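Each chain, letter by letter, is given below.
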Amino acid sequence: MTAPAELRPTVPPHAESRYRSPELPSARGELSRGVLAALRNGGPVPSPRDAERADPYGDDLQLALYVLYELHYQGFAEVTDEWEWDPALLTLRRAMERRFLDALRADVPPGDDAEAALSELLVEPVGHDEASVSHHLQRNGELWQLREYAALRSLYHLKEADPHAWVIPRLHGRAKAAMVAVEFDEFGAGRADDIHARLFAELMADLGLETSYGHYVDAAPADALATVNLMSLFGLHRAHRGALVGHFAWVEVTSSPGSRRLAAALRRAGAGPAAQRFYDEHVEADAVHEQVVRRDVVGGLLAAEPDLEADVAFGVRATGFLEDRLGARLLDSWRGGHSALRVPLSGTEG
């Protein structure tokens, strides 16, 4: 039975696309081409050996991994839901995950002290940080750079909090209660208008960007895809629950000061109030979340499962490592006066 029109919830035009699955992206190499062909027309799935030879941080592997992870989120318009648990795709995905994780474990600074890893994030630089994207945008960022940044971040923020929710059934007691409390805020504290993913869509609309879920995948370089893939990888595996909590802690600990700078950058660039609201909300909320996450989510998990401390520390540092790679790419491009996207934005996009 269909509810009368006057009783149906009102959905803003820019939010309607959140309920539609995106189109498949374009291939970036043999591995991603094979995955896309299999999903489109049932062609043969690439061999796991193809993943073992791929660049772990490269466009081909990261796009193929992103596509397979998206089958667990919103899927794709022309792909049947039956592919989500296809054994051949899962076998290939596992090979790509191992390639990615092996590279991270080799490259991420070592250490098994979770508190030390988090404490490193609390040290704010004195003055301007030349290696920080948010510092750059606050001080020198132009509107076109803020638009590019928002387009790239949409791959995460339009699903904000979703990957971290997978850890909830894998936590217990204090850690679970605290995790749910923080996630409750991320999902709008019971108010659909305040869901953070919706707030980010409104930010994008203010910046003249297309707000469709997954719209900017083809524009995103591998470094951006890797930051999104990491949390999906951690979230989908119970074995990586400690690393996912570490990822979540990195996000919450770094969010408040970075959001303050980004809100200031948007004001300076003349962005609209909805664009500013997203980061203003995170300045206040995440200052509280940081304390809850460190004390109760991380603390509660390690009190119950102290053997996961090295995993938590790895999650923190792996997140920072990939964010630093992405930041270096953005700043190198912008300081050279050119787009950081694979497909530059048009001036009238959105």
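Residues numbered from 1 in each chain as written. Predicted model: local features only at pLDDT ≥ 70, side-chain atom pairs only at ≥ 80, totals over all residues. Heavy atoms only, no water.

Now for the overall build of the chain. Helix and strand content of the chain: 14 helices and zero strands. The linear arrangement of helices and strands in the chain, starting from the amino end, is α-α-α-α-α-α-α-α-α-α-α-α-α-α. Against the globule reference of 20 Å for 350 residues, the chain gives a C-alpha radius of gyration of 20 Å, in line with a compact fold. The principal-axis extents of the C-alpha atoms in the chain amount to approximately 55 × 50 × 50 Å. Long-range pairs, those at least 24 residues apart, make up 80% of the contacts in the chain between residues at least 6 apart in sequence. The positive charge centre, built from 36 side chains, and the negative charge centre, built from 54, are 1 Å apart in the chain. (Helix = DSSP H or I, 4+ residues; strand = E, 2+ residues; numbered from the N terminus. Rg over C-alpha atoms; globule rule 2.2 N^0.38 Å. Contact = heavy atoms within 4.5 Å. Lys, Arg positive; Asp, Glu negative; His and termini not counted. Charge placed at Lys NZ, Arg CZ, Asp CG, Glu CD.)

In a packed pair of helices, the relevant descriptors are the angle between the two axes and the axis-to-axis distance. Across the interface, helix α7 (residues 143-157) lies against helix α14 (residues 309-335) with an axial gap of 12 Å and an inter-helix angle of 150 degrees. Here α7 lies roughly antiparallel to α14, going by the angle between them. As α7 packs across α14, the resulting crossing turns out to be right-handed. Across the interface between the two elements, W144, Q145, E148, Y149, L152 and R153 from α7 touch E323, L326, L330 and W334 from α14. (Axes fitted to C-alpha atoms, helices over the stretch in contact; angles between N-to-C directions. Parallel < 35°, antiparallel > 145°, perpendicular 65-115°, else oblique. Left-handed = near helix turned anticlockwise from the far one by under 90°.)

The next subject is the nonpolar core. Judged by nonpolar contacts, the single largest core of 107 residues is most densely connected at L39, M96, L104, L203 and Y279. When residues in this core are grouped by element, the largest group, twelve residues, is from helix α12 (residues 241-269). Non-local contacts of L39, meaning those with residues more than four positions away in its chain, are made with L24, V67, L71, E78, V79, W83 and L89. (Core = buried A, V, L, I, M, F, W, Y, C linked by side-chain atoms within 4.5 Å. Buried < 20%, exposed > 50% of the residue type's maximum accessible area, 1.4 Å probe, protein only.)

Let's shift gears to the packing of aromatic side chains. Throughout the structure, instances matching the rule amount to six aromatic pairs. Seen in terms of ring centroids, Y57 and F100 are 6.4 Å apart; in terms of plane orientation they differ by 85 degrees. Their pairing is edge-to-face. Taken as a pair, Y57 in the loop between α2 (48-53) and α3 (59-70) and F100 in helix α4 (residues 87-107) lie far apart in primary sequence, 43 residues in all. Judged on exposure class, the residue Y57 and its partner F100 are both buried. With centroids separated by 6.2 Å and ring planes inclined at 65 degrees, the aromatic side chains of F234 and F314 adopt a geometry described as edge-to-face. Residue F234 is located in helix α11 (residues 222-236), and its partner F314 is located in helix α14; the two are separated by 80 residues in the primary sequence. A relative accessible area of 0% places F234 in the buried class. Look at F314 and you get buried, because its relative accessible area is 10%. Members of the aromatic cluster, connected to one another through ring pairs, are Y57, F100 and F321. The residue whose ring lies beneath R105 is F314, and the NZ or CZ to ring-centre distance is 4.3 Å. (Phe/Tyr/Trp six-rings, centres within 6.5 Å; stacked < 30°, edge-to-face > 60°. Lys NZ or Arg CZ within 6 Å of the ring centre and 35° of its normal.)

On to the side chain of R241. Summarising the element assignment, R241 is placed in helix α12. Reaching out from R241, the side chain makes a polar contact with the side chain of E305 at a distance of 2.6 Å. Discounting residues that sit within four places of it in the chain, R241 has contacts with V167, R170, E305 and L308. (Polar contact = N/O pair within 3.5 Å; in protein donor to acceptor, adjacent residues only side chain to side chain.)

Next up on the list: the confidence of the model for the chain. Summarising the model, the chain shows a mean pLDDT of 91, and 91% of its residues fall at 70 or more. In the model, residues 1-11 has pLDDT below 50 throughout and makes five contacts with residues more than four positions away in sequence or in other chains. (pLDDT = per-residue confidence, 0-100.)

Take the environment of H157 next. As for its placement among the helices and strands, H157 is situated in helix α7. What makes H157 buried here is its relative accessible area of 10%. Separated by 53 residues in the primary sequence, H157 and E210 place their C-alpha atoms 14 Å from one another. Excluding anything up to four places from it in sequence, H157 contacts A197, F200 and F278. At a separation of 3.2 Å, a polar atom in the side chain of H157 contacts the side chain of E160.

Another point: α14. Compared with an ideal rise of 1.5 Å per residue, which puts 27 residues at 39 Å, α14 spans 39 Å between its outermost C-alpha atoms and is within 8% of the ideal. One or two steps after α14, the chain reaches G337, where phi turns positive at roughly 80 degrees. (Expected span 1.5 Å × (residues − 1).)

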